[in-house]
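Analysis of the macromolecular model
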Amino acid sequence: MLLLQRVWQDCLLKGGNGLLELPTGAALFGMTPMTFYRAFYSKQPCRKLVHVRRFLRNHGTALALAAHRLGGPAASARVFLLCEAVRHTRRLTRAQSSQLVDFHKLLTLEHVSYPDRIEYGLFAQINPASSFVDECCLLSEKLDSLLRKIAETDPAGDGITSAFQKISQAA
């Protein structure tokens, strides 16, 4: 949030809420205002979001590449949209948490046995001896670790805990 302020020399902040109080008669003494922008941030991002931002900063590209190979261009686009969304928010939303769980399901090949899904055909094209399989396994473990951190940070949170518990039971 940006706030436009007009500032005079020797102005006092009024009440700590960012409003400026001009000295009496400031304009009469030739004090001219200057305009600048100052950012005021009321809250720090939630701890869950800090973990997600760090994960996506370190592994976002690898996640997008894996999502593209396992889920097609739409899946990689969802990764990039998630990366952009978490950069501009102050808390992790339920939809963003759900997307992380969906990416974990994609990496753990949960939907490759359904012939009507895109994952079925894309998985058939992957060579099991390729290095991609190892990279995908490592990435899925890192995403699993992230989901555990999120669940521990806010156990009564926004649905990720119950979704993560279902994943843990299936594994």
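These numbers come from a predicted model, not from an experiment.

This next bit is on unusual backbone geometry. The phi dihedral of Leu109 is positive, around 60°, even though this residue is not glycine. By the secondary structure assignment, Leu109 is in the loop between α3 (94–107) and α4 (118–124). What makes Leu109 partly exposed here is its relative accessible area of 30%.

Moving on, we come to the packing of helix α1 (residues 47–71) against helix α2 (residues 73–87). As a packed pair, α1 and α2 sit with axes 7 Å apart at the nearest point and diverge in direction by 165°. Considering the angle they form, α1 stands roughly antiparallel to α2. Of the two elements, α1 crosses α2, and the hand of that crossing is left-handed. On the side of α1, the interface is formed by Leu49, Val52, Arg53, Leu56, Gly60, Leu63, Ala64, Ala67, His68 and Gly71, while α2 contributes Pro73, Ala75, Ser76, Val79, Phe80, Leu82, Cys83, Val86 and Arg87. Residue composition of the contact of α1 with α2, grouped by class: 13 nonpolar, four polar and two charged.

The next thing to look at is the packing of α1 against helix α5 (residues 131–153). The geometry of α1 relative to α5 is characterised by a closest axis approach of 10 Å and an angle of 155° between their N-to-C directions. Taken together, the axis directions place α1 and α5 in an arrangement best described as roughly antiparallel. In this structure, α1 crosses over α5, and the sense of that crossing is left-handed. Here Arg47, Lys48, His51, Val52, Phe55, His59, Ala62, Leu63, Ala66, Arg69 and Leu70 of α1 come into contact with α5, specifically with Phe132, Cys136, Leu139, Lys142, Leu143, Leu146, Lys149, Ile150 and Thr153. Split by residue class, the contact of α1 with α5 holds 12 nonpolar, three polar and five charged.

A few words now on the confidence of the model for the protein. Mean pLDDT over the protein works out to 76, with 63% of the residues at or above the 70 mark. The spread of mean pLDDT over the elements of the protein runs between strand β1 (residues 2–7), the lowest at 40, and α3, the highest at 95. Ignoring residues within four places in sequence, the model shows residues 1–23, a span with pLDDT below 50, making 49 contacts including any to other chains. In this model residues 34–40 is a low-confidence stretch, pLDDT under 50, and it forms 21 contacts with partners more than four residues away in sequence or in other chains.

As a further point, take the nonpolar core. Residues Val52, Leu56, Leu63, Leu100 and Leu107 are the most contacted members of the largest nonpolar core, which totals 28 residues. At the level of secondary structure, the elements contributing two or more residues to this core comprise α1, α2, α3 and α5. A per-element tally of this core places α1 first, with nine residues. Among residues more than four places away in sequence, those in contact with Leu63 are Phe55, Leu56, Val79, Phe103, Leu107 and Leu139.

With 15 residues, α2 should cover 21 Å at 1.5 Å per step; its first-to-last C-alpha distance of 22 Å lies within 8% of that length. Every buried residue of α2 is accounted for by Ala75, Ser76, Val79, Leu82, Cys83 and Val86. Looking down the long axis of α2, one finds its buried residues gathered within 115° of arc, a one-sided arrangement. For α2, the exposed residues set more than 90 degrees away from the buried face come down to Pro73, Phe80 and Leu81. Those residues of α2 that are buried lie in contact with α1 and α3.

So, how was this worked out
- Residues numbered from 1 in each chain as written.
- Predicted model: local features only at pLDDT ≥ 70, side-chain atom pairs only at ≥ 80, totals over all residues.
- Heavy atoms only, no water.
- Helix = DSSP H or I, 4+ residues; strand = E, 2+ residues; numbered from the N terminus.
- Buried < 20%, exposed > 50% of the residue type's maximum accessible area, 1.4 Å probe, protein only.
- Axes fitted to C-alpha atoms, helices over the stretch in contact; angles between N-to-C directions.
- Parallel < 35°, antiparallel > 145°, perpendicular 65-115°, else oblique.
- Left-handed = near helix turned anticlockwise from the far one by under 90°.
- Contact = heavy atoms within 4.5 Å.
- Nonpolar A, V, L, I, M, F, W, Y, C, P; charged D, E, K, R; others polar.
- pLDDT = per-residue confidence, 0-100.
- Core = buried A, V, L, I, M, F, W, Y, C linked by side-chain atoms within 4.5 Å.
- Expected span 1.5 Å × (residues − 1).
- Arc of directions from axis to C-beta.

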